[in-house]
Amino acid sequence: MKSDRCVYVPGPLIVGAGPSGLATSACLKVNGVPSIILERSDCIASLWQLKTYDRLKLHLPKQFCQLPYMDFPPNYPTYPTRKLFIDYLESYAKKFDIKPLFNETVEKAEYDPSLGFWRVRSVNGERSTEYVCRWLVVASGENAEAVVPEIEGMEEFCGEVKHTSLYKGGEEYRGKNVLVVGCGNSGMEVHVLPREMLGKSTFGLSMWLLKWLPISLVDRILLAGSRLTLGDTGKLGLDRPSLGPLQLKNLCGKTPVLDVGTLEKIRSGHIKVFPTIKCVGRDCVEFVNGDVENFDTILLATGYKSNVPSWLKKSNMFSEKDGFPKKPFPNGWKGNNGLYAVGFTKRGILGSALEGKKIAEDVHLSWKSEAKHFISFARALLRPQLINQGRCLTEGKDR
């Protein structure tokens, strides 16, 4: 498929206008480096705006969720609502004059060693564009595509089956028997901790303790505090893993949820915990322990996955299996030939903010010395190739 036009990008090209992409673009601008963001949706932070439920709040205190160079407004609550967080991101984009190109779906990105540039093909409706850039930042995130598991008999179920990316609120399910599949971020975590301990946020307390104590000891403190506050979750059908919550997070990226009422609903009988599904029937579900229950709706809280392997070609930076950088945190942000990754640390917005700064500083080191050379080089080298494709744009202007 030939591109309708070609655009030379004098700075980094960023794929994804979520918090990670916005943070990186802002950090680049602070360092005097321009950038372009391609976003497949029609808005920034599409996961937050289009695929989250109405009552969602940040699970961590706001100071751990703000982007570089702009704090949350002082009148925001400790745990901002979904709407407040989106307002913050919109204000952030406005402050740094970040204007992503929307409805641009990246189909292919590949490094061209003969040119020393990345070629990125994007599609917007029936129009395709090839972007040529020296630096490519992958900011499409850990949660690009919904994970829909294959469950025996699911196609026979007569009720509604919906991924939680489409779930907005519980009112439409009033009076119905709903099965929520999954104990991940959308459903509930394997490790359940109280949101606060000793009058402080559990996350903030953890970060403070880690300054002085080894992670295994901090885990034991957290689990002891959790047992005192929440009781034995194993009696509710929620067995804890052998690894502590922080160790599990470091090794597997599995984040414990901070309980804000779910356990009380389980104790009162409003929520019932089931084991793994064996198979699904027309109006019922059989579990591996032999129990059979009738349900009106099945909600899949089965999480998301990276889609990087589907469009980033011939790169040894990302795993083909899970779409994450092969190098573990904190070394997974930089690849070869000007390739970077942001938002794949499994450490939330705080991790994205740290990586955004690293990427901007790294690009800035070569930007001043290379920028003028690259622009003149691109004009001279690419013009003969691109003129055959009909239309060539450099720095956003028709040439």
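Residues numbered from 1 in each chain as written. Predicted model: local features only at pLDDT ≥ 70, side-chain atom pairs only at ≥ 80, totals over all residues. Heavy atoms only, no water.

### Quick word on the environment of Glu 152
- Here Glu 152 shows up in the loop between strand S8 (145-146) and strand S9 (160-163).
- Overall, the relative accessible area of 57% leaves Glu 152 in the exposed class.
- Considered as a pair, Glu 152 and Lys 278 are 126 residues apart in the sequence and their alpha carbons are 7.3 Å apart.
- With residues up to four places along the chain from it excluded, the contact list for Glu 152 reads Lys 278, Cys 279 and Val 280. (Helix = DSSP H or I, 4+ residues; strand = E, 2+ residues; numbered from the N terminus. Buried < 20%, exposed > 50% of the residue type's maximum accessible area, 1.4 Å probe, protein only. Contact = heavy atoms within 4.5 Å.)

### Digging into the packing of helix H4 (residues 202-210) against helix H5 (residues 215-230)
- Interaxial distance between H4 and H5 falls to 10 Å at its minimum, and their mutual angle equals 145°. The chirality of how H4 crosses H5 is right-handed. Residues Thr 202, Ser 206, Leu 209 and Leu 210 of H4 pack against Ile 215, Val 218, Ile 221 and Leu 222 of H5. (Axes fitted to C-alpha atoms, helices over the stretch in contact; angles between N-to-C directions. Left-handed = near helix turned anticlockwise from the far one by under 90°.)

### Side note on the side chain of Asp 219
- Mapped onto the fold, Asp 219 is located in helix H5.
- Despite its burial, Asp 219 remains without a salt bridge, the nearest opposite charge being carried by Arg 220 at 8.3 Å.
- Excluding residues within four positions of it along the chain, Asp 219 makes contact with Gly 244, Pro 245, Leu 246 and Gln 247. (Lys, Arg positive; Asp, Glu negative; His and termini not counted. Salt bridge = Lys/Arg side-chain N within 4 Å of Asp/Glu carboxyl O.)

### A look at the confidence of the model for the protein chain
- Scored by pLDDT, the protein chain has a mean of 86; 89% of the residues are at 70 or more.
- This stretch, residues 185-189, has a pLDDT under 50; its non-local contacts, to residues over four places away or in other chains, come to 18 contacts.
- Low pLDDT (under 50) marks residues 394-399, which in the prediction has 14 contacts with non-local residues, meaning those over four places away or in another chain. (pLDDT = per-residue confidence, 0-100.)

### Details of the pattern of salt bridges
- One pass over the structure, following the stated rule, counts 16 salt bridges.
- Between Arg 127 and Glu 104 there is a salt bridge, and its shortest N-O distance comes to 2.6 Å. Within this pair, whereas Arg 127 is found in strand S6 (residues 127-133), its partner Glu 104 is found in the loop between helix H3 (82-95) and strand S4 (105-112), the two being separated by 23 residues in sequence.
- Since its relative accessible area comes to 32%, Arg 127 is described here as partly exposed.
- Judged by relative accessible area, which is 4%, Glu 104 ranks as buried.
- Within this structure, Lys 108, Glu 110 and Lys 314 form a network of salt bridges that share partners.

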